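Each chain, written out:
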Amino acid sequence: MTNRQLKKNAIRFLPVLLNGLRSILSPVFGILFSYTIVTFFSKELWGDFVNYLLFFLIVSLISNWGNKTFLMRAFSQNPKNIVTDWQALFMARLPICMLCVISVFFFFEFHLALFMIIWVVSAFVYHSFFSIIFYNREYEKMIAVEMLSFFALLFLVYLQRENLSSLVLVQSYAIHVFVKALLAIIFYPLFFNFKSFRINSKLLWISFPFFLLGISGFLQSKIDVYAYSFYYDGKPLGEYQIISGFFIFSQSMVMLLIFPYVKNIYRMSTKSIDLIRKNSAIYGFALNSIVVVSIYFALLLFDIKLSIIQLILGFMIGYPCYIYTLDILLLFKKHKEYFVIKISVICLSINFLVSVLLLHLDYNITGTLAGNAAAQIVALYCYLILRKKRECKVI
């Protein structure tokens with residue numbers, strides 16, 4: 001292979017590698033931060049902080065309103081209006097963000113609410129730039145933002161190490177997200193040069209399906225943690241959040257196998273797609289097995305030991321994604337996201353109901369892992385049925 005061909009392949013696959021790094025960076029940093037708090041301070045402190053984190057995640061998702069997926073499609077259809085489309089949806093979403101800010105005062109005391117507001121608003125601004133970063137494939141900017149803000153978070157925690165509390169963690173995390181938002185604005189100043197501050201509420205209705213898609217997918221992966229929080233707090237909740245975080249990370253690994261083909265997947269023949277499916281299922285089995293074993297040993301660092309049954313359930317949580325993720329992408333191609341929404345709602349309902357039932361019967365961590373695994377098996381069954389229907393030209 002000539003130097004010219006090597007350079008061409010390097011240019012071609014660099015975005016793939018950067019996006020792969022970008023996709024695992026955030027969960028890895030989340031795991032590292034939880035490890036820092038649990039190891040050098042206490043599990044109780046991390047468990048107390050998780051309560052604030054769960055509130056933030058749901059509020060942040062509501063204020064995002066599916067903007068990334070909606071805008072990426074809009075940018076593709078009309079590349080000349082990227083800035084105006086971005087600004088229009090930003091202004092349309094702003095009242096939702098304000099409602100989320102107001103809701104903070106109903107759940108937290110004033111001194112804590114101020115930092116929760118900084119956290120929520122900063123996340124609103126930072127997440128608004130995701131569509132631009134992904135559309136332009138400027139993953140190196142997101143990697144830089146995530147790394148710099150994470151080091152800032154660790155530095156803030158180090159400064160307050162003598163009197164670290166859940167309040168100090170909220171303050172530090174709020175500043176850390178504020179740094180993300182500030183860096184994003186510095187990278188993309190043009191988008192904050194508003195020519196109009198008109199609020200077009202119709203955009204909220206148009207983007208509503210993408211909001212449903214985002215919130216149903218989020219709850220499908222997090223509903224077991226919310227269920228667990230109904231029964232436990234403090235140290236037990238902190239431990240389960242760490243376990244859940246690891247298994248969510250295992251699901252994201254599927255993109256390492258599929259992402260190199262995503263850009264051209266819509267132009268591939270049926271034979272090529274079937275080959276990718278087969279390879280993803282085969283190599284995914286091996287990769288997910290390695291990941292689950294790695295999770296077992298990684299959790300020992302947190303003084304958490306999973307049983308054989310819990311590891312099997314963990315494998316069942318991750319492996320189905322290797323089989324059906326390609327089907328989700330193909331449904332997106334045909335603008336049939338409503339199938340994905342329906343399946344996500346069904347699965348999150350199963351996850352929640354099974355988790356609550358088994359938690360009520362004192363199955364604890366095993367119960368919530370079983371709920372998550374059951375939801376993944378149902379998701380796999382649904383996508384396989386849809387695949388059969390597509391092959392028979394029924395949908």
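Anything mentioned here points back to the structure above.
Draft legend 1. Structural detail: the side chain of asparagine 351. Checked against the element boundaries, asparagine 351 lands in helix 16 (residues 337-360). With residues up to four places along the chain from it excluded, the contact list for asparagine 351 reads Gln220, Ile223, Asp224, Thr368, Gly371, Asn372 and Ala375.

Draft legend 2. Seen up close, the nonpolar core. Core analysis: the largest hydrophobic core is formed by 135 residues, its most contacted members being Phe33, Phe49, Trp86, Trp119, Leu299 and Tyr383. In contact with tyrosine 383, not counting residues within four places along its chain, are Tyr324, Asp327, Ile328, Leu331, Val340 and Ile343.

Draft legend 3. The environment of leucine 61, seen in detail. If you trace the backbone, leucine 61 turns up in helix 2 (residues 43-64). When the C-alpha positions of leucine 61 and isoleucine 82 are compared, they lie 22 Å apart, and in sequence the two are 21 residues distant. Every residue in contact with leucine 61, bar those within four places of it in the chain, is listed here: Phe211, Gly214, Ile215 and Phe218.

Draft legend 4. Quick look at the pattern of salt bridges. Under the defined criterion, the tally for this structure stands at seven salt bridges. Between aspartate 327 and arginine 277 there is a salt bridge, with the nearest N and O atoms lying 3.2 Å from each other. Of this pair, aspartate 327 sits in helix 15 (residues 320-333) while arginine 277 sits in helix 13 (residues 270-300); the two residues are 50 residues apart in sequence, bridging distant segments of the chain. A single salt-bridge network, built from bridges that share partners, covers Arg277, Asp327 and Arg387.

Parameters at a glance
- Residues numbered from 1 in each chain as written.
- Predicted model: local features only at pLDDT ≥ 70, side-chain atom pairs only at ≥ 80, totals over all residues.
- Heavy atoms only, no water.
- Helix = DSSP H or I, 4+ residues; strand = E, 2+ residues; numbered from the N terminus.
- Contact = heavy atoms within 4.5 Å.
- Core = buried A, V, L, I, M, F, W, Y, C linked by side-chain atoms within 4.5 Å.
- Buried < 20%, exposed > 50% of the residue type's maximum accessible area, 1.4 Å probe, protein only.
- Salt bridge = Lys/Arg side-chain N within 4 Å of Asp/Glu carboxyl O.

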